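# A closer look at the structure
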Amino acid sequence: QVQLVDSGGGLVQVGGSLTLSCVVSGRTFSSYVMGWFRQAPGKEREFVAAISRGGGRTVYADSVKGRFTISRDNAKNTVDLQMNSLKPEDTAVYYCAADGSAVVQIMAALYDYWGQGTQVTVSS
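One structure accompanies this document, and this report is about it. None of these values were measured; they are calculated from a predicted model. (Residues numbered from 1 in each chain as written. Predicted model: local features only at pLDDT ≥ 70, side-chain atom pairs only at ≥ 80, totals over all residues. Heavy atoms only, no water.)

### A closer look at the overall build of the protein chain
Applicable threshold: Numbering of helices and strands starts at the N terminus; helices are DSSP runs of H or I of at least 4 residues and strands are runs of E of at least 2. For every residue, the accessible area obtained with a 1.4 Å probe (protein chains only) is divided by the maximum for its type, and the residue is called buried under 20%, exposed over 50%, and partly exposed between those limits. Every residue pair with non-hydrogen atoms within 4.5 Å of one another is taken to be in contact. Exposure was quantified through the Shrake-Rupley algorithm and a 1.4 Å probe, taking into account, for residues, occlusion by the shown protein chains and nothing else. We score Asp and Glu as negative and Lys and Arg as positive, and we do not count His or the chain ends. Charge positions come from single atoms, namely NZ of Lys, CZ of Arg, CG of Asp or CD of Glu.
Within the protein chain, the secondary structure is distributed over zero helices and 11 strands. Seen in sequence order, the protein chain has helices and strands lined up from the N terminus as β-β-β-β-β-β-β-β-β-β-β. Reported as C-alpha extents along the three principal axes, the dimensions of the protein chain are approximately 40 × 25 × 25 Å. Looking at the protein chain as a whole, 43% of its 124 residues qualify as buried. Once local pairs closer than 6 in sequence are excluded, the contacts in the protein chain between residues at least 24 apart make up 59%. Total accessible area computed for the protein chain in this model is approximately 6100 Å², and 48% of it derives from carbon and sulfur atoms. Side chains of the protein chain carry 11 positive and 10 negative charges; the gap between the two charge centres is 3 Å.

Right under this line is the structure:
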């Protein structure tokens, strides 16, 4: 059983920064591709960023490219999402997710395990 606990959300002003963190337990963390997704009220869950098992490849949604950075520490079983230059449209519940395949995926349905979500609210 794999457990993901994400944290770090909060209220921030436009242009501010937040760092989300996800701690993974239960299996070998380095065997999972890790991703971050978000879901705003009334909208479907959307891909934000993903990172390969070794950390050498990252993929970003166009809407966050250049503002967000995903990183992982396989020694600490953590994956972070550094969010800069936040905009009101970044407001959502953010979820970390783990995928047991070897390919970096952007489709939520392909991820096997999910965190409980952490709220990010960007005020204008």
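From this point, things continue past the structure.
### Some remarks on the side chain of Ser52
Counting through the fold element by element, Ser52 comes out in the loop between β5 (46-51) and β6 (58-60). Excluding anything up to four places from it in sequence, Ser52 contacts Val33, Arg57, Arg72 and Val104.

### Some remarks on the nonpolar core
Put simply, the test is: As used in this record, nonpolar core signifies buried Ala, Val, Leu, Ile, Met, Phe, Trp, Tyr and Cys residues forming a set joined through side-chain atoms within 4.5 Å.
Residues Met34, Trp36, Leu81, Met83 and Tyr94 are the most contacted members of the largest nonpolar core, which totals 38 residues. Contributing elements (two or more residues each) for this core: β3 (18-25), β4 (33-39), β5, β6, β7 (68-73), β8 (78-83), β9 (92-99) and β11 (118-123). Apart from the residues lying within four places of it in its own chain, the contact partners of Leu81 are Leu18, Thr19, Leu20, Trp36, Val48, Ala49, Phe68, Thr69, Ile70 and Tyr94.

### With respect to the pairing of β7
Note the threshold: Between any two strands, at least two bridges found by DSSP are needed for them to pair.
The alternating pattern of β7 places Phe68, Ile70 and Arg72 on a buried face, while none of Thr69, Ser71 and Asp73, on the opposite face, is buried. Looking at chain direction, β7 and β8 are connected through six bridges and run antiparallel. Of the residues in β8, the one forming a bridge with Arg72 is Val79. What sits between the antiparallel neighbours β7 and β8 is a turn of four residues, in which Asn77 has the positive phi angle 60°.

### What about the sheet that holds strand β1 (residues 3-7)?
The condition is simple: Fitting a line to C-alpha atoms yields each axis, with helices limited to the stretch in contact; the angle taken between N-to-C directions then spans 0 to 180 degrees.
A sheet is described by the order of its strands in space; here four strands give the open sequence β1-β3-β8-β7, paired in antiparallel fashion. Looking at the sheet topology across the chains shown, the edges are occupied by β1 and β7. Across the sheet, the mean angle from the axis of one strand to that of its neighbour is 15°, orientation sign disregarded. Note: β3 against β8, six bridges, orientation antiparallel. Within the sheet, the bridge partner assigned to Ser21 lies in β8 and is Asp80.

### Overview of the pairing of β11
What you see with β11 is a clean split: Thr118, Val120 and Val122 sit on the buried side and Gln119, Thr121 and Ser123 on the side with no burial. Here strand β2 (residues 10-13) runs beside β11; their pairing, made up of four bridges, is parallel. Looking at β11, one finds that Gly10 is bridged to Val120.

### Here's the deal with a nonpolar patch on the surface
Here is the rule: Here, patches come from residues exposed beyond 30% relative accessible area and free of salt bridges, joined within 9 Å for like charges and within 5 Å for nonpolar side chains (Val, Leu, Ile, Met, Phe, Trp, Tyr). We define a salt bridge as a side-chain nitrogen of Lys or Arg found within 4 Å of a carboxyl oxygen belonging to Asp or Glu.
Judged by side-chain polarity, Ile106, Met107 and Leu110 come together as a nonpolar surface patch covering roughly 280 Å² of accessible area. For Leu110, the position within the fold is in the loop between β9 and β10 (113-114). With a relative accessible area of 36%, Leu110 lands in the partly exposed category.

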